[in-house]
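Chain residues, written in single-letter form:
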Amino acid sequence: MQVVHLPRLGTFAAWREVARAHAEQSTAPSSLVWQLSGEAPSLFDAFPDRGFLGSKRKVVVPKAFLPLAKQICAHRSPGAFDLAYRLLLSLCEQPSLITNRANPEMAKAERLAKNIRRDMHKMKAFVRFRDVTPAGAARRQFVSWFEPDHRIEELIGGFFTRRFGDMDWIIITPEVTMRFQAGEISYEAVKSAKPDLSDETEALWRTYYANIFNPARLKIKAMQSEMPKKYWKNLPEASLIPDLIAHAEEQVAQMRASAPTLPPVRAGRVLERLHAPIAKKPDGGLEELKFELRGCQRCPLAGPATQTVPGEGPTEAQLMIVGEQPGDHEDIAGRPFVGPAGQMFDQVAGRVGLDRREVYVTNAVKHFKFQVRGKRRIHQSPNGGEVRHCRWWLQKEIALVQPSLIVALGATAAQALTGDGKAITQRRGRIEKGLDDVPVLITWHPAALLRQADPNKKREQVKTLEEDLARACKFISERRQIA
């Protein structure tokens, strides 16, 4: 049996070199005992002696094995080096084993690697640097102490050089000291005790931590899962934690007692709605339709929108105006065409003698579809599925109002009314037969005119919208004379 001594620093590189040499000679795992220099021999789990596996051979393993082996070799578990060597031999024979998590040895290797990754994550989270910069120094200098569970210093060093590359620092662990100076990192295998790293900022930090602690949100198990007790002794705020936990219930009771008795204005309005008597469902007509529309859940747009926005206007209206969907203003007000596009429509309609009070105004889609950007809600066009789902309500409105002519403002309205929302520029100004056997006049949507950046094109499109609305008025007037 041969004892292989590995150094505390450069452990994986040394293991890799020795393991490759023995794998080429097909040395059986039972013939090797791996240990770090200066450590007493370990007792390994018994395993069968494979004997010599053949003559010298080329060692080829999957690419994924190297990072896995590096993590295994950082683990303090007895037999970790031997496990990595056994996997090396097995993968030479069966490369596909690297993806077989049902294999006991691969499963064990993954568990060890997971422990290493967790230890690295905790080191990233709980290293606390103290400023030790002397007066007149060109670069800031910091010192920290950390006690990892495993030999992860060389694995984690790259993270700290990238994260804190603008300063010089030293991270001391019980076995290794990591130094980063002038852009270069170095490691020294030296046993160390925890240094005194207290400074005047710790008292300030503890005061801040105590004031932001929210006892009402305390979950001890979740906290200890993310910050195990073994790390507390090295954190400045750790001395406060037991006392904060002990008095959490008392603080919660005080918070409840001192809470305001009057709800905010918005909360008060919500409570008024909740406690208001349930409105009786109207019998028939547009009012019943509006009542049913409030609870619409036919498509996902109902979730983020504030409310449904039904149409409005006289039941006997001869002309119906159909837009795309409510905008931000309409979504809040609960009424159609009250935003910038609606105001522009009113202006153009007024110039051609169209009184909005005599027409029925609605939208193809009844909920506001938007995307949040900062504090703003940005309009998004409804898709075909959303238009089809909402057409059920539009059909009911058409059946109740029975208009002589419908004006479709834009592509979405044209799609809902005729089944085709394409080529609006070519179809604008034409009267087509709608899906409900009602004539449909297609024109621009006022919102599209507001977005038009070219002043000349905008004037031209506003003029054509006026012409189209004038034609709608003439159409209704002629129908009335015939009637």
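About the criteria used
Residues numbered from 1 in each chain as written. Predicted model: local features only at pLDDT ≥ 70, side-chain atom pairs only at ≥ 80, totals over all residues. Heavy atoms only, no water. Axes fitted to C-alpha atoms, helices over the stretch in contact; angles between N-to-C directions. Helix = DSSP H or I, 4+ residues; strand = E, 2+ residues; numbered from the N terminus. Parallel < 35°, antiparallel > 145°, perpendicular 65-115°, else oblique. Left-handed = near helix turned anticlockwise from the far one by under 90°. Contact = heavy atoms within 4.5 Å. Pairing = 2+ DSSP bridges. Salt bridge = Lys/Arg side-chain N within 4 Å of Asp/Glu carboxyl O. Expected span 1.5 Å × (residues − 1). Buried < 20%, exposed > 50% of the residue type's maximum accessible area, 1.4 Å probe, protein only. Core = buried A, V, L, I, M, F, W, Y, C linked by side-chain atoms within 4.5 Å. Arc of directions from axis to C-beta. Patch = residues over 30% accessible without salt bridge, like charges linked within 9 Å, V, L, I, M, F, W, Y side chains within 5 Å. Areas by Shrake-Rupley, 256 points an atom, 1.4 Å probe, with all protein chains shown as cover. pLDDT = per-residue confidence, 0-100. Nonpolar A, V, L, I, M, F, W, Y, C, P; charged D, E, K, R; others polar.

## Some thoughts on the packing of helix α2 (residues 65-73) against helix α3 (residues 80-93)
Axis separation between α2 and α3 bottoms out at 8 Å; the angle between their running directions is 160°. Relative to α3, the element α2 lies roughly antiparallel. For α2 against α3, the interelement crossing comes out right-handed. Side by side, α2 and α3 meet where Phe 65, Ile 72 and Cys 73 of the first sit next to Ala 80, Phe 81, Ala 84, Leu 87, Leu 88 and Leu 91 of the second.

## As for the pairing of strand β6 (residues 176-181)
The sheet contact formed by strand β5 (residues 168-172) and β6 spans 4 bridges and is antiparallel. Pairing of Ile 171 across the sheet is with Met 178, part of β6. Taking the residues that link successive antiparallel strands as the turn, the β5-β6 hairpin has 3 residues. Here β6 pairs with strand β7 (residues 184-189) via 6 bridges, running antiparallel. Looking at the pairing, Arg 179 lines up with Ser 186 of β7.

## Looking at the pattern of salt bridges
Where charged atoms from two side chains of opposite charge come close, those side chains can pair. One pass over the full model with this rule turns up 25 salt bridges. Measuring nitrogen to oxygen at the nearest pair gives 2.8 Å for the salt bridge that ties Asp 168 to Arg 139. Here the residue Asp 168 occupies a position in strand β5, and Arg 139 occupies one in the loop between β3 (130-131) and β4 (141-145), the gap between them amounting to 29 residues. Several salt bridges share partner residues, and in doing so they unite Arg 8, Arg 76, Glu 153 and Glu 175 into one network.

## Topic: helix α4 (residues 104-126)
The first and last C-alpha atoms of α4 sit 33 Å apart over 23 residues, in line with the 33 Å expected at 1.5 Å per residue. Burial in α4 covers these residues: Met 106, Ala 109, Leu 112, Ala 113, Ile 116, Asp 119, Met 120, Lys 122, Met 123 and Phe 126.

## Some points on the nonpolar core
Counting residues in each nonpolar core, the largest one holds 32 residues, and the members touching the most others are Leu 6, Trp 15, Trp 34, Phe 65, Ile 72 and Tyr 85. Among the elements that line this core, the one with the most residues is α3, at 10 residues. Of all hydrophobic cores here, the second largest spans 28 residues; its members include Ala 317, Ala 364, Leu 394 and Ile 442.

## Comments concerning helix α13 (residues 340-351)
Taking 1.5 Å per residue as the helical rise, α13 with its 12 residues ought to reach 16 Å, and the 17 Å between its terminal C-alpha atoms agrees with that figure. Among all positions in α13, only Ala 341, Gly 342, Met 344, Phe 345, Val 348 and Ala 349 are buried. Buried residues in α13, looked at end-on, bunch into an arc of 160°, giving them a common side. Within two residues after α13, Gly 353 carries a phi angle of roughly 80°, on the positive side.

## A short note on a nonpolar patch on the surface
On the surface, a cluster of nonpolar side chains totalling about 310 Å² of accessible area is made up of Trp 205, Tyr 208 and Ile 212. Mapped onto the elements, Ile 212 comes out in helix α6 (residues 201-212). Overall, Ile 212 belongs to the partly exposed group, its relative accessible area being 46%.

## Re the confidence of the model for the chain
The pLDDT averaged across the chain works out to 85; a share of 90% of its residues lies at or above 70. Highest mean pLDDT in the chain belongs to α2 (96); lowest belongs to helix α10 (residues 265-275) (63). Counting interchain partners and residues more than four positions distant, the pLDDT-below-50 stretch residues 40-54 has 29 contacts.

## As for the sheet that holds strand β8 (residues 319-323)
One open sheet holds the 5 strands; their spatial order is β9-β8-β12-β14-β13, and the pairing between them is mixed. Lying at the two open borders of the sheet, with one neighbouring strand each, are β9 (360-363) and β13 (431-433). Looking at each pair of strands side by side, their axes are set apart by 30° on average, direction ignored.

## Focus: the packing of helix α1 (residues 11-24) against α3
α3 packs onto α1 with a crossing angle of 45° between their chain directions and a minimal axis gap of 11 Å. Considered as vectors, α1 and α3 are oriented oblique to each other. Remark: the crossing between α1 and α3 carries right-handed chirality. Every residue of α3 that contacts α1 at Thr 11, Trp 15, Ala 19, Arg 20, His 22 and Ala 23 is listed here: Phe 81, Ala 84, Tyr 85, Leu 88 and Leu 89. Here the residues of the contact of α1 with α3 sort into 8 nonpolar, 2 polar and 1 charged.

## Re the environment of Thr 464
With respect to the helices and strands, the residue Thr 464 is situated in helix α18 (residues 455-482). Sequence-distant contacts of Thr 464, that is, excluding residues within four places in its chain, are made with Arg 428 and Trp 444.

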